[in-house]
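Structural characterization, general
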Amino acid sequence: MARMHTRRRGSSGSDKPTADDPPEWSDVDEDAIEERVVELAEQGHDPSQIGMKLRDEGVTGTPVPDVSLATGKSITEILDDNDAAPEFPEDLYNLMERAVRLREHIQENPQDHQNKRALQNTESKVRRLVQYYSGDEIAPDFTYSYDVAVEIVED
């Protein structure tokens, strides 16, 4: 059982229903979806935010419940095809952002031992993800450090 830095035993919940085709009521053209995805990415939205916007607002008023069912590609694949993909994977970027915030908090509050531990755990997750993405999503010689993270997050 993989418990990564928590006291809990994991979470059980409902699974997404399996579907092979998009629902009939969502008949948006694939090209229109791809254009909207790229447009939202250029506005500065992350892939997860793009998915929620398409689910809630849709394309020309018609919601898109599942981009991969409607287009046959995930949002990140669409962004890669159109050279609009973010420099770093979203999960890695968010963890680096959190590590920077925690480090700044600890510099102001050196007695906050709980958050010192949280920083250790977060940086551990970052290093693990850097190793996972190395060569494919990020440069093979990339190494995580606080200074590098600050540069990435502040860009």
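Just so you know, these numbers come straight off a predicted model, no measurement behind them.

Some details on the pattern of salt bridges
This model, assessed by the stated rule, comprises eight salt bridges. Between Arg55 and Asp56 there is a salt bridge whose closest N-O contact spans 2.8 Å. For Arg55, a relative accessible area of 43% corresponds to the partly exposed category. Classification of Asp56 by relative accessible area gives exposed; the value is 51%. A salt bridge links Asp81 to Lys73, with the shortest nitrogen-to-oxygen separation between them at 3.0 Å. Connected via shared salt-bridge partners are Arg36, Glu39, Lys53 and Glu57.

Some details on the nonpolar core
Ranked by size, the top nonpolar core spans 22 residues in total, and within it Leu92 and Met96 carry the most contacts. Looking at this core, the element that brings in the most residues is helix H5 (residues 90-108), giving seven residues. Look past the residues within four positions of Met96 in its chain and what remains in contact with it is Phe88, Val126, Phe142, Tyr144, Ala149, Ile152 and Val153. Judged by nonpolar contacts, the second largest core, of 15 residues, contains Leu40, Ala41, Ile75 and Ile78.

Things to note about the packing of aromatic side chains
Each aromatic ring pair is characterised by the separation of its centres together with the angle its planes make. Under the counting rule described, the total for this entry stands at two aromatic pairs. Ring geometry for Phe88 against Phe142: centres 5.4 Å apart, planes inclined by 55°, an arrangement best described as tilted. Of the two residues, Phe88 sits in the loop between helix H4 (75-81) and H5 while Phe142 sits in the loop between helix H6 (113-133) and helix H7 (146-154), which places them 54 residues apart along the sequence. For the residue pair Phe88 and Phe142, the accessibility class agrees, reading buried in each case.

About the thresholds
- Residues numbered from 1 in each chain as written.
- Predicted model: local features only at pLDDT ≥ 70, side-chain atom pairs only at ≥ 80, totals over all residues.
- Heavy atoms only, no water.
- Salt bridge = Lys/Arg side-chain N within 4 Å of Asp/Glu carboxyl O.
- Buried < 20%, exposed > 50% of the residue type's maximum accessible area, 1.4 Å probe, protein only.
- Core = buried A, V, L, I, M, F, W, Y, C linked by side-chain atoms within 4.5 Å.
- Helix = DSSP H or I, 4+ residues; strand = E, 2+ residues; numbered from the N terminus.
- Contact = heavy atoms within 4.5 Å.
- Phe/Tyr/Trp six-rings, centres within 6.5 Å; stacked < 30°, edge-to-face > 60°.

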